[in-house]
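Here is how the chains run, residue by residue.
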Amino acid sequence: MSGTTAAGARLRGVGDGAHRWIVLVVLCVSLLLVALDATVLHVAVPAVSADLNPSGVELLWIVDAYPLVCASLLILFGTLGDRIGRRRVLLLGYGLFGAASAVATLAHSPEVLIGARALLGVGGAMIMPATLSILRAVFPDRRERAMAIGIWTAVAAVGAAVGPVLGGFLVEHFWWGSVFLINIPLLAVLLPLGRVVLPESKGCGDGPWDVLGALMGAAGVLGLVFGIKRLGAGEGPLSPLTLVPLCLGAALMVLFVRRQRRRTHPLIDMRMFAKPTFSTSVGCIVLAMLALVGLELIAVQYLQLVLGLSPLETGLRLLPLTFAAMAAGVTGSATLRRVGPRRMVAWGFVLTASAVLLLVQMGQHDRPALLTTGFVLLGFGLQTTLFGAYESMLSEAPAEQAGGAAAIGETSYQLGAGMGIALLGSVMNATYAPALSSVKGVPGTAETAASSSLGEAYAVAARLGGPVGESLRHAARHSFVQGLHVTLLVSAGLLLFGALAALRLPKVMECPDPDADETPETRESYEAEEPYETRDGQEPHEPYEAREASPSEQQWPPRQRRPLESREPSETAVPAGRGPG
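Draft legend 1. Representation of the environment of Ile84 within the structure. Note that Ile84 resides in helix H4 (residues 56–84). Assessed through its relative accessible area of 27%, Ile84 is described here as partly exposed. Taking C-alpha positions, Ile84 is 8.8 Å from Ser201, a pair spaced 117 residues apart along the chain. Not counting chain neighbours up to four residues away, the residues in contact with Ile84 comprise Val89, Glu200 and Lys202.

Draft legend 2. Local environment of the pattern of salt bridges. Counted by the stated rule, this structure contains 2 salt bridges. Put simply, Glu144 and Arg20 hold a salt bridge, and the shortest N to O gap is 2.8 Å. Of this pair, Glu144 sits in helix H7 (residues 142–173) while Arg20 sits in helix H2 (residues 19–39), placing them 124 residues apart in sequence. The exposure class of Glu144 is partly exposed, given its relative accessible area of 26%. Put simply, Asp366 and Arg317 hold a salt bridge, and the shortest N to O gap is 2.6 Å. Of the two residues, Asp366 sits in the loop between helix H14 (319–359) and helix H15 (368–396) while Arg317 sits in helix H13 (residues 311–317), which places them 49 residues apart along the sequence.

Draft legend 3. The arrangement of empty space enclosed by the protein in detail. All chains considered together, the criterion is met by 2 cavities of 30 Å³ or more. A volume near 90 Å³ is recorded for the largest cavity. Around the largest cavity sit Leu295, Glu296, Ala299, Leu318, Leu321, Leu359, Met362, Phe375, Leu378, Leu484 and Leu488, which together line it. Counting residues per element, the lining of the largest cavity draws most heavily on helix H12 (residues 276–306), at 3 residues. Partitioning the lining of the largest cavity into residue classes produces 10 nonpolar, no polar and 1 charged.

Draft legend 4. Structural view of the packing of aromatic side chains. Under the defined criterion, the tally for this structure stands at 2 aromatic pairs. With a centroid separation of 5.3 Å and 90° between ring planes, the pair formed by Phe273 and Phe278 is classed as edge-to-face. Taking the relative accessible area as the measure of exposure, Phe273 reaches 32% and is therefore partly exposed. Take Phe278: its relative accessible area is 0%, and that puts it in the buried class. Sitting above the plane of the Tyr458 ring, Arg473 keeps its charged end 3.9 Å from the centroid.

Draft legend 5. A look at the environment of Val360. With respect to the helices and strands, Val360 occurs in the loop between H14 and H15. Remark: the alpha-carbon pair of Val360 and Leu489, spanning 129 residues in sequence, is separated by 7.6 Å.

Draft legend 6. Geometry of the side chain of Ser412. One can find Ser412 in helix H16 (residues 402–432). A residue is classified by how much of its surface remains accessible, and Ser412, at 5% relative accessible area, is buried.

The rules behind the values
Residues numbered from 1 in each chain as written. Predicted model: local features only at pLDDT ≥ 70, side-chain atom pairs only at ≥ 80, totals over all residues. Heavy atoms only, no water. Helix = DSSP H or I, 4+ residues; strand = E, 2+ residues; numbered from the N terminus. Buried < 20%, exposed > 50% of the residue type's maximum accessible area, 1.4 Å probe, protein only. Contact = heavy atoms within 4.5 Å. Salt bridge = Lys/Arg side-chain N within 4 Å of Asp/Glu carboxyl O. 1 Å grid on protein atoms, 1.4 Å probe; cavity = no way out; pocket = protein on both sides within 12 Å on 5 of 7 lines; lining within 4 Å. Points joined across faces, edges and corners; volume = space filled by probe spheres on them. Nonpolar A, V, L, I, M, F, W, Y, C, P; charged D, E, K, R; others polar. Phe/Tyr/Trp six-rings, centres within 6.5 Å; stacked < 30°, edge-to-face > 60°. Lys NZ or Arg CZ within 6 Å of the ring centre and 35° of its normal.

Written as structure tokens, this is what we have:
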């Protein structure tokens, strides 16, 4: 109990002072590292291929090992942090992430790089839910927590968007290993700083940790994410590489849910999903990410292959989306207090759908003003939605389940991203491929290759040359733009559906007393270690659960217990809520 008491006292001290904003900075830098690593390698793939000469399957695993492993282990490490301490899991994640970055930097073979990327995924799964659950504990007041979550979500958007730009710069000026090397000095600072600054926090810790359930959940999420990624890569839904992982993953998740419902001390309290606010928030996160990631992937192809922009120019064109997302995150707390979760999330979806419909006007020629306006509205709308959904989800979950709730949110984020690539990519391919069959003079094998992607169509057209090659290039370009328009319309429909779903969220932002989040352990630590104010010259009271209140005291419940030494002299003699007279 002494360890719990010390942790509670430390957490109380952090939450009462400006120190908590320093904690937020450390948590945001931690999240930035993980978000960067999710996208920074994308532009380095050609350099990796030239240096390590991986096979097609090995190259696929180099890219996918990190998100696959990270997504599958979020629930495991999120719930483990609730049991053994979120700070402890976060610091271990720092160490593993740094070691894996060093191995990836020096990798001399595809196998070593795949292993390093998998270890990075393990470290990322330890870091991501811990940052959000510690944030939940450090900011017990919902108004301040909303502001902190806004900054947290803005940093996540920045990391995902800046990753390709930073990766392109590093690869152009150094070598591909430098995209991993930049993690090491940052982690060398974060690890000792985190030990000093970050508070420890835990859940209730009742009962043994369900190891079998944790492994079952990890394997289930891995199967689902892998199957969805195979769909997004063009595999048929009945292909063994798609169908088997999806079926196994779904079966394991059903067993996982049933096991958690039966256990006295589950990893995740499934009763949270019975709350409309929690379940609706999770669904909104999935829908928002489904639209965002699929559209970003298609937009990057449009900018590079249709408009002919370089990777760096493409990254710069997407910066307005990032800046708009940052603005939405920073102003999200004020917006949430003013309009409430229901209208905030619903309006965010509607604004995003409007941006998507505006981008339907994109054609085969560059229209910078249209693209900039569309990307600004898209970034602001989606970040508004994600902020409102994350804040509502985390506030609805009990404080002792913060790690599990954060893991659910991050897992839904990853599942939504994978589903977006699979669904919108399938819509795109279904519209794009059939149009190429009308080009005359193209051999069957060349037509099949060209129908796989616009980049491949350009390569086939270059090999064919002459009028046939030019006709194929023109047809592929036109078909891609048509497919983009259909995909945007489907995405707009999904976003409007999300706006309707958001109507189940609360109309107003409820801000309960921060002390309502206290667990029995932390409450006991406050009573044991901190002196409280006296009343009318009486001695400091005994722990409130251990004594019987007098009738007069029952009419005077102090709204907030604060240490005596933290009060001004004029406050200590006057009960809260009373005037001097």
